[in-house]
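In case you want the letters, here they are:
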Amino acid sequence: MKTYTLSPLDHLPAADYGQKAHRLALLAEWGYPICEGFAVPASWLQEFLHHNSLSEKQPDPNQILAGDFPDAMAQALRSAWQTLSTDGQELIVRSSARDEDAFDRSYAGVYE
């Protein structure tokens with residue numbers, strides 16, 4: 001069975017996690033306070049799509065919502081949630097596409 005690991009918010013390469021996560025990691029390296037959290041590698045999307053037999057080109061959002069995670073991936077996500085939310089409260093989730101928030105453009109709503 002494949003093992004899935006979520007990365008703490010430090011030393012995150014933009015190519016694997018997106019610019020937003022990478023910049024959070026840089027802020028942490030430079031000593032700025034950032035929130036606790038984990039980063040999900042971009043590769044998990046392709047694995048989720050493959051697991052649910054969905055197209056990588058333009059997957060149907062309804063099929064994505066109806067899909068399920070591979071067991072080990074779901075366990076890694078549950079474990080991270082339990083680590084961060086010891087009282088069972090909701091967490092904030094931020095997206096960070098690999099080509100989002102580039103140096104030549106950065107604005108909300110550029111990606112679905």
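None of the values given here were measured: they were computed from a predicted structure.

S.K.: Help me understand the overall build of the chain in this model?
M.R.: In terms of regular secondary structure, the chain is built from 5 helices and 2 strands. Moving toward the C terminus, one meets the helices and strands of the chain in the order β-α-α-β-α-α-α. Carbon and sulfur atoms provide 53% of the accessible area of the chain, an area that totals close to 8,300 Å².

S.K.: What is the right way to look at the nonpolar core in this model?
M.R.: Side chains of nonpolar character tend, in soluble globular proteins, to be buried together. Counting residues in hydrophobic clusters, the biggest one holds 7 residues: Tyr4, Leu6, Trp44, Ala72, Met73, Ala76 and Ala80. The dominant element in this core, judged by the number of residues it contributes, is helix H5 (residues 71-84), at 4 residues. Setting aside residues up to four positions removed in sequence, Ala76 forms contacts with Tyr4, Leu6 and Trp44. In this structure, Leu9, Leu12, Tyr17 and Ala21 belong to the second largest nonpolar core, which totals 6 residues.

S.K.: I tried to follow the side chain of Ser7 on my own but got confused; where do I start?
M.R.: Residue position: Ser7 is located in strand E1 (residues 7-8). A polar contact is formed between the side chain of Ser7 and the side chain of Tyr17, at a distance of 2.6 Å. Once you skip the residues sitting within four places of it in the chain, Ser7 turns out to touch Leu12, Tyr17, Gly37, Phe38 and Ala39.

S.K.: Can you help me understand the packing of aromatic side chains in this one?
M.R.: Aromatic rings considered in pairs are described by the distance between their centres and by the relative angle of their planes. Applying the stated criterion across every chain, the model contains 2 aromatic pairs. For the pair Tyr4 and Trp44, a centre-to-centre distance of 5.1 Å together with 85° between the ring planes defines the contact as edge-to-face. Taken together, the residues span a long stretch of sequence, with Tyr4 in the segment before E1 and Trp44 in helix H3 (residues 43-51) at a distance of 40 residues.

S.K.: I keep staring at the environment of His51 and nothing clicks. Help me out?
M.R.: Note that His51 resides in helix H3. Owing to a relative accessible area of 38%, His51 belongs among the partly exposed residues under this scheme. The spatial distance from the C-alpha of His51 to the C-alpha of Phe69 is 7.4 Å, given a sequence separation of 18 residues. Not counting chain neighbours up to four residues away, the residues in contact with His51 comprise Asp68, Phe69 and Pro70.

S.K.: Explain the environment of Gln75 to me, please; I cannot follow it from the model alone.
M.R.: With respect to the helices and strands, Gln75 occurs in helix H5. For the pair Gln75 and Thr5, spaced 70 residues apart in sequence, the C-alpha to C-alpha distance is 9.9 Å.

S.K.: Can you help me understand the environment of Arg94 in this one?
M.R.: With respect to the helices, strands and loops of the structure, Arg94 is situated in the segment after H5. A relative accessible area of 62% means that Arg94 is categorised as exposed. Arg94 sits 74 residues away from Lys20 along the chain, and the two C-alpha atoms are 8.7 Å apart.

S.K.: Which parts of the structure should I look at to understand helix H2 (residues 19-29)?
M.R.: Turning to H2, its buried residues number three or more, namely Gln19, Ala21 and Ala25. One face of H2 carries all of its buried residues, which in axial projection span an arc of 165°. Check the buried side of H2 and you find it contacts helix H1 (14-17). One or two steps after H2, the chain reaches Gly31, where phi turns positive at roughly 90°.

Conventions adopted
Residues numbered from 1 in each chain as written. Predicted model: local features only at pLDDT ≥ 70, side-chain atom pairs only at ≥ 80, totals over all residues. Heavy atoms only, no water. Helix = DSSP H or I, 4+ residues; strand = E, 2+ residues; numbered from the N terminus. Areas by Shrake-Rupley, 256 points an atom, 1.4 Å probe, with all protein chains shown as cover. Core = buried A, V, L, I, M, F, W, Y, C linked by side-chain atoms within 4.5 Å. Buried < 20%, exposed > 50% of the residue type's maximum accessible area, 1.4 Å probe, protein only. Contact = heavy atoms within 4.5 Å. Polar contact = N/O pair within 3.5 Å; in protein donor to acceptor, adjacent residues only side chain to side chain. Phe/Tyr/Trp six-rings, centres within 6.5 Å; stacked < 30°, edge-to-face > 60°. Arc of directions from axis to C-beta.

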